[in-house]
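Understanding the architecture of this molecule
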Amino acid sequence: MTEKKLFTIATHYSVQLLIIESVLFAGLLLLASPAVLTTSLVGVSFTFIFYLLSGWVWYWVASRHHDYLPSFYTGTSGFRFMLALAVIGIYYFMTDKPDMITFILVFGIYYMVTLVHFSIFFSRVSSRL
């Protein structure tokens with residue numbers, strides 16, 4: 001694939017991610033209580049920053065080092081999980097303990113939705129490379 005095509009794919013991924021995060025954030029604000037606002041902001045910040053960066057790193061790896069893509073997917077998976085655990089740990093030390101169940105549930109929704117999107121999007125793209 002040409003570098004221009006890979007750039008277009010990375011741009012489409014970023015736009016899709018922005019739309020998914022916006023819809024998820026708006027849905028949680030409309031349907032959930034106001035107490036979920038902080039948790040939603042943490043969830044949307046974590047997932048948007050991590051997945052946006054991983055999308056552009058994917059572009060760099062796919063355009064310059066195509067043979068390293070399997071290692072990229074494995075490394076991304078492990079790093080994403082460790083970073084999510086770090087965010088949960090930091091939130092645990094910064095808040096009251098009863099709020100943790102709410103945080104883990106809301107953060108888990110953001111984590112799982114973007115994980116599914118990442119997996120589906122890049123499995124479809126990688127099969128065409």
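Residues numbered from 1 in each chain as written. Predicted model: local features only at pLDDT ≥ 70, side-chain atom pairs only at ≥ 80, totals over all residues. Heavy atoms only, no water.

**Structural notes on the overall build of the chain**
Applied cut-off: Only DSSP runs of H or I covering at least 4 residues are called helices, and only runs of E covering at least 2 are called strands; the numbering of each starts at the N terminus. Burial status follows relative accessibility: with a 1.4 Å probe on protein chains alone, a residue under 20% of its type maximum counts as buried, one over 50% as exposed, and anything between as partly exposed. We call two residues in contact when some of their heavy atoms are within 4.5 Å. Surface exposure here means Shrake-Rupley accessible area, sampled with a 1.4 Å probe, where a residue is shielded only by the protein chains that are shown. We treat Lys and Arg as the positive residues and Asp and Glu as the negative residues; His and chain ends play no part in the count. Where a charge sits is defined by one atom per residue type, namely NZ (Lys), CZ (Arg), CG (Asp) or CD (Glu).
When helices and strands are counted, the chain shows four helices and zero strands. Counted from the first residue to the last, the chain has its helices and strands arranged as α-α-α-α. C-alpha extents for the chain along the principal axes are approximately 50 × 25 × 15 Å. Expressed as a percentage of the 129 residues in the chain, the buried residues total 36%. Sequence-distant contacts in the chain: of pairs separated by 6 or more residues, those separated by 24 or more amount to 78%. As displayed, the chain offers around 7,700 Å² of accessible surface, 74% of which is attributable to carbon and sulfur atoms. Seen as two clouds, the 7 positive and the 5 negative side-chain charges of the chain have centres 13 Å apart.

**Quick word on the side chain of Glu21**
Our working definition: Criterion for a salt bridge: a side-chain nitrogen of Lys or Arg within 4 Å of a carboxyl oxygen of Asp or Glu. The definition of a polar contact used here is a pair of N or O atoms within 3.5 Å, where within protein one atom must be able to donate a hydrogen and the other to accept one, and adjacent residues in sequence count solely through side-chain atom pairs.
Looking at the element boundaries, Glu21 is found in helix H1 (residues 3-31). For Glu21, which is buried and forms no salt bridge, the nearest opposite charge comes from Arg80, at a distance of 11 Å. At 2.9 Å, the side chain of Glu21 and the side chain of Thr47 are in polar contact. Residue contacts for Glu21: discarding those within four places in its chain leaves Val44, Thr47, Phe48, Tyr110 and Thr114.

**Points about the confidence of the model for the chain**
Note the threshold: Values of pLDDT, ranging from 0 to 100, describe the predictor's confidence in every residue of the model.
For the chain, the average pLDDT comes to 86, and 98% of its residues sit at 70 or higher. Between the elements of the chain, mean pLDDT differs from a low of 85, seen in helix H4 (residues 99-128), to a high of 90, seen in helix H3 (residues 69-94).

**A look at the packing of helix H2 (residues 37-64) against H4**
Defined as follows: Axis lines are fitted to C-alpha atoms, over the contacting stretch for helices. Their N-to-C directions set the angle, which ranges from 0 to 180 degrees. Just so you know how the angles are binned, under 35 degrees is roughly parallel, over 145 roughly antiparallel, 65 to 115 roughly perpendicular, and the rest oblique. Take the far helix as your reference; a near helix turned counterclockwise from it by less than a right angle gives a left-handed crossing, and one turned clockwise gives a right-handed crossing. Following the grouping adopted for this structure description, the nonpolar residues are Ala, Val, Leu, Ile, Met, Phe, Trp, Tyr, Cys and Pro, the charged ones are Asp, Glu, Lys and Arg, and the polar ones are all others, Gly among them.
Between H2 and H4, whose axes approach to 9 Å, the crossing angle comes to 20 degrees. Put simply, H2 runs roughly parallel to H4. The handedness of the crossing between H2 and H4 comes out as right-handed. Residues Thr39, Ser40, Val42, Gly43, Val44, Phe46, Thr47, Tyr51, Ser54, Gly55 and Trp58 of H2 pack against Thr102, Phe103, Val106, Phe107, Tyr110, Tyr111, Thr114, Leu115, Phe118, Phe122 and Val125 of H4. Partitioned by chemical class, the residues of the contact of H2 with H4 number 14 nonpolar, eight polar and no charged.

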